[in-house]
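A structural walkthrough
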Amino acid sequence: MHAPKTYTVDEAQKRLEHYCAYQERCHKEVNQKLYDMRMIPEARDQIIVHLLQHNFLNEERFAQAFVRGKFRIKKWGKQRLQIELRQKDISKTIIATALKEIPDHEYYESFHALAEKKFENIRETNPQKKRKKLADYLFYRGWESHLVYDKIRELIPY
């Protein structure tokens, strides 16, 4: 049985610098990584302060990158983005700032393209079931209910 590797503060600090330089990280992820490395709370605090001072760790930058990436690649709506950021302990003001990264016209274009593409791919003949499948898909992706219901009325009139 192998004993878990132990790290000095300097070794852990270097590893976390690489961890944060590779990809934007939030405080929660960095704290979890330090916890997994079996660092004591005082060392964790010291390393996090170092990362903040040297701009390896920046919650606002993380939130903006997260929002841009998940919106453009996974086509998530603002509701889903807010929920995911809240789970990462990002403050409401930073979330609001990050969501402004998405231009309104791009947001609505993306929503309409996603909804229409999904609508075409649903192989359901019953209009009620088709409406439900489309609504469930769009809600799961985090799109607002007024957008979803308006689009469903447009695509599948009652």
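Above: the structure in question.
Residues numbered from 1 in each chain as written. Predicted model: local features only at pLDDT ≥ 70, side-chain atom pairs only at ≥ 80, totals over all residues. Heavy atoms only, no water.

**What to know about helix H8 (residues 127-140)**
For the α-helix, the turn length of 3.6 residues means that residues three or four positions removed from each other point alike. When the terminal C-alpha atoms of H8 are compared, their 20 Å separation across 14 residues agrees well with the 20 Å that a helix rising 1.5 Å per residue should span. When H8 is considered as a whole, its buried residues turn out to be Lys130, Arg131, Leu134, Ala135, Tyr137 and Leu138. Along H8, the residues classed as buried sweep out an arc of 165° about the axis, all on the same side. Where H8 is buried, its residues contact helix H7 (104-121) and helix H9 (145-155). Two or three places before glutamine 128, at the opening of H8, asparagine 126 has a side-chain oxygen 2.9 Å from that residue's backbone nitrogen. Remark: glycine 142 follows H8 within two positions and exhibits a positive phi of approximately 95°. (Helix = DSSP H or I, 4+ residues; strand = E, 2+ residues; numbered from the N terminus. Expected span 1.5 Å × (residues − 1). Buried < 20%, exposed > 50% of the residue type's maximum accessible area, 1.4 Å probe, protein only. Arc of directions from axis to C-beta. Contact = heavy atoms within 4.5 Å. Polar contact = N/O pair within 3.5 Å; in protein donor to acceptor, adjacent residues only side chain to side chain.)

**Focus on the packing of helix H4 (residues 59-74) against helix H5 (residues 78-87)**
Where H4 meets H5, the axes come as close as 11 Å, and the angle between the chain directions of the two elements is 140°. As far as their axial angle goes, H5 and H4 are oblique. In terms of crossing hand, the pair formed by H4 and H5 is right-handed. Each of Phe62, Ala63, Phe66, Val67, Lys70 and Phe71 in H4 lies in contact with H5, whose residues at this interface are Leu81, Glu84 and Leu85. Its residues assigned to classes, the contact of H4 with H5 comprises seven nonpolar, no polar and two charged. (Axes fitted to C-alpha atoms, helices over the stretch in contact; angles between N-to-C directions. Parallel < 35°, antiparallel > 145°, perpendicular 65-115°, else oblique. Left-handed = near helix turned anticlockwise from the far one by under 90°. Nonpolar A, V, L, I, M, F, W, Y, C, P; charged D, E, K, R; others polar.)

**A few points about H4**
Counted at 1.5 Å a residue, the expected span for H4 with its 16 residues is 22 Å, and the 21 Å between its end C-alpha atoms agrees. Looking only at H4, the buried set comprises Glu59, Phe62, Ala63, Gln64, Phe66, Val67 and Phe71. Among the structural elements, helix H2 (27-36), H5, helix H6 (92-99) and H7 are those in contact with the buried residues of H4. Between the side-chain oxygen of the N-cap and the backbone nitrogen of glutamate 60 there are 3.0 Å, and the N-cap of H4 in question is asparagine 58. Lysine 75 occupies a position one or two residues after H4 and carries a positive phi of about 60°.

**As for the environment of phenylalanine 119**
Relative to the assigned elements, phenylalanine 119 resides in helix H7. Looking at phenylalanine 119, the relative accessible area reads 15%, which means it is buried. Distance in space between the C-alpha atoms of phenylalanine 119 and leucine 134 is 6.4 Å, their sequence separation being 15 residues.

**Examining the environment of proline 41**
With respect to the helices, strands and loops of the structure, proline 41 is situated in helix H3 (residues 41-53). The exposure class of proline 41 is partly exposed, given its relative accessible area of 45%. The spatial distance from the C-alpha of proline 41 to the C-alpha of asparagine 31 is 9.5 Å, given a sequence separation of ten residues.

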